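# Coordinates in review
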Amino acid sequence: AQSVTQPDIHITVSEGASLELRCNYSYGATPYLFWYVQSPGQGLQLLLKYFSGDTLVQGIKGFEAEFKRSQSSFNLRKPSVHWSDAAEYFCAVGLFYGGSQGNLIFGKGTKLSVKP
Amino acid sequence: DTAVSQTPKYLVTQMGNDKSIKCEQNLGHDTMYWYKQDSKKFLKIMFSYNNKELIINETVPNRFSPKSPDKAHLNLHINSLELGDSAVYFCASSPRGVNTEAFFGQGTRLTVV
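Scope of this entry: the structure provided in the associated data block. (Residues numbered from 1 in each chain as written. Chains lettered and ligands numbered in written order. Predicted model: local features only at pLDDT ≥ 70, side-chain atom pairs only at ≥ 80, totals over all residues. Heavy atoms only, no water.)

## Quick word on the overall build of chain B
Of regular secondary structure, chain B possesses zero helices and eleven strands. Its helices and strands in sequence order give chain B the pattern β-β-β-β-β-β-β-β-β-β-β, from N to C terminus. Over its C-alpha atoms chain B spans a radius of gyration of 13 Å, differing by no more than 12% from the 13 Å that the globule rule assigns to 113 residues. Once the C-alpha set of chain B is aligned to its principal axes, its extents read approximately 40 × 30 × 30 Å. A buried classification covers 47% of the 113 residues belonging to chain B. Partitioning the contacts of chain B with sequence separation of at least 6, the portion at a separation of at least 24 is 53%. (Helix = DSSP H or I, 4+ residues; strand = E, 2+ residues; numbered from the N terminus. Rg over C-alpha atoms; globule rule 2.2 N^0.38 Å. Buried < 20%, exposed > 50% of the residue type's maximum accessible area, 1.4 Å probe, protein only. Contact = heavy atoms within 4.5 Å.)

## Structural notes on the layout of surface pockets
Taken as a whole, the largest pocket encloses approximately 270 Å³ of empty space. If you trace the largest pocket, you find 20 residues lining it, with Gly 41 of chain A together with Gln 37, Lys 41, Val 88 and Arg 109 of chain B closest to the centre. Put simply, the parts of the chain that give the lining of the largest pocket at least two residues each are β9 (87–94) and β11 (108–112) of chain B. Among the elements that make up the lining of the largest pocket, the one with the highest residue count is β11 of chain B (four residues). (1 Å grid on protein atoms, 1.4 Å probe; cavity = no way out; pocket = protein on both sides within 12 Å on 5 of 7 lines; lining within 4 Å. Points joined across faces, edges and corners; volume = space filled by probe spheres on them.)

## Quick look at the side chain of Gln 37 of chain B
The residue Gln 37 of chain B is located in strand β4 (residues 31–37) in this model. Polar side-chain contacts of Gln 37 of chain B include one of 3.0 Å to the side chain of Gln 38 of chain A. At 3.1 Å, the side chain of Gln 37 of chain B forms a polar contact with the backbone oxygen of Lys 41 of chain B. (Polar contact = N/O pair within 3.5 Å; in protein donor to acceptor, adjacent residues only side chain to side chain.)

## What about the environment of Glu 101 of chain B?
Considering the arrangement of structural elements, one finds Glu 101 of chain B in the loop between β9 and β10 (103–104). Placed 72 residues apart in sequence, Glu 101 of chain B and His 29 of chain B show a C-alpha to C-alpha distance of 11 Å. Here Glu 101 of chain B is in contact with Phe 34, Tyr 36, Leu 46, Lys 49 and Phe 51 of chain A together with Ser 93, Ser 94, Pro 95 and Arg 96 of chain B, once residues within four sequence places are set aside. Engagement of the side chain of Glu 101 of chain B in a polar contact is seen with the side chain of Arg 96 of chain B, the distance being 2.9 Å.

## Thoughts on the nonpolar core
Buried together is how nonpolar side chains tend to be arranged in soluble globular proteins. All names here are of chain A. By size, the foremost hydrophobic cluster in this structure holds 27 residues, and its most contacted members are Leu 19, Trp 35, Leu 47, Leu 48, Phe 74, Leu 76 and Tyr 89. At the level of elements, β2 (10–14), β3 (19–21), β5 (32–38), β6 (44–50), β8 (64–68), β9 (73–78), β10 (87–98) and β12 (110–115) are the ones that each hand at least two residues to this core. When sequence neighbours within four positions are dropped, the list of residues in contact with Leu 47 reads Trp 35, Tyr 36, Val 37, Gly 59, Ile 60, Lys 61, Phe 63, Leu 76 and Tyr 89. (Core = buried A, V, L, I, M, F, W, Y, C linked by side-chain atoms within 4.5 Å.)

## Overview of the state of the cysteines
All chains considered together, the criterion is met by two disulfides over all chains. Each sulfur of the disulfide joining Cys 23 of chain A and Cys 91 of chain A lies 1.9 Å from the other. Across the S-S bond of Cys 23 of chain A and Cys 91 of chain A the torsion is about -65°, and the bridge reads as left-handed. Note that Cys 23 of chain A is positioned in the loop between β3 and β4 (24–26) and Cys 91 of chain A in strand β10, a separation of 68 residues in sequence. Relative accessible area serves as the criterion here: at 0%, Cys 23 of chain A is assigned to the buried category. Classification of Cys 91 of chain A as buried rests on a relative accessible area of 0%. Across a sulfur-sulfur distance of 1.8 Å, Cys 23 of chain B and Cys 91 of chain B are joined as a disulfide pair. (Disulfide = S-S within 2.5 Å.)

See below:
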């Protein structure tokens, strides 16, 4: 069955430190890949997306992600974390079944806390 | 000029009541969704409409009924509310189909007491 795994439930990093959030998926083909961020009490905001082409994608707020087909992974990175990055991060995969059929499946999220 | 807007933002109601949540998008997207986010932040798709046609209808109780009067609106009606329906419900829309990027509303926090 198709699935999205975010192995880390909660990560704490110091402000200014680098960040990597992990995401793995299980799917027979290469899906579309997304990272979203959810601040408390807010909806989800799209950080970046991968459809095809260059496997390193840049997003908003200084985030980037790298698609690695051999590892079925799409990890999110940021070189220097700011206190305002504290939020819940969701990885998602877009699956295509044919015609107008498909689905957008989310991982269970990783909560990021930032220490001053 | 919010892109995806839902009303109400908060909804507190008693068990057994019927309630509706409204969603509107002004992005011109053809695809709209309802997602449920439980207390552990897990997001699960409930329904998806593409140009007013139901595309995804996940296993949700038939007390939940979506209605899409036009492609800019997707409302969610819930009958006979139960305690377990308490959650945050998100409306979203996509420009290019159910497997592409979704733009989310702010959510409706439903509390059933």
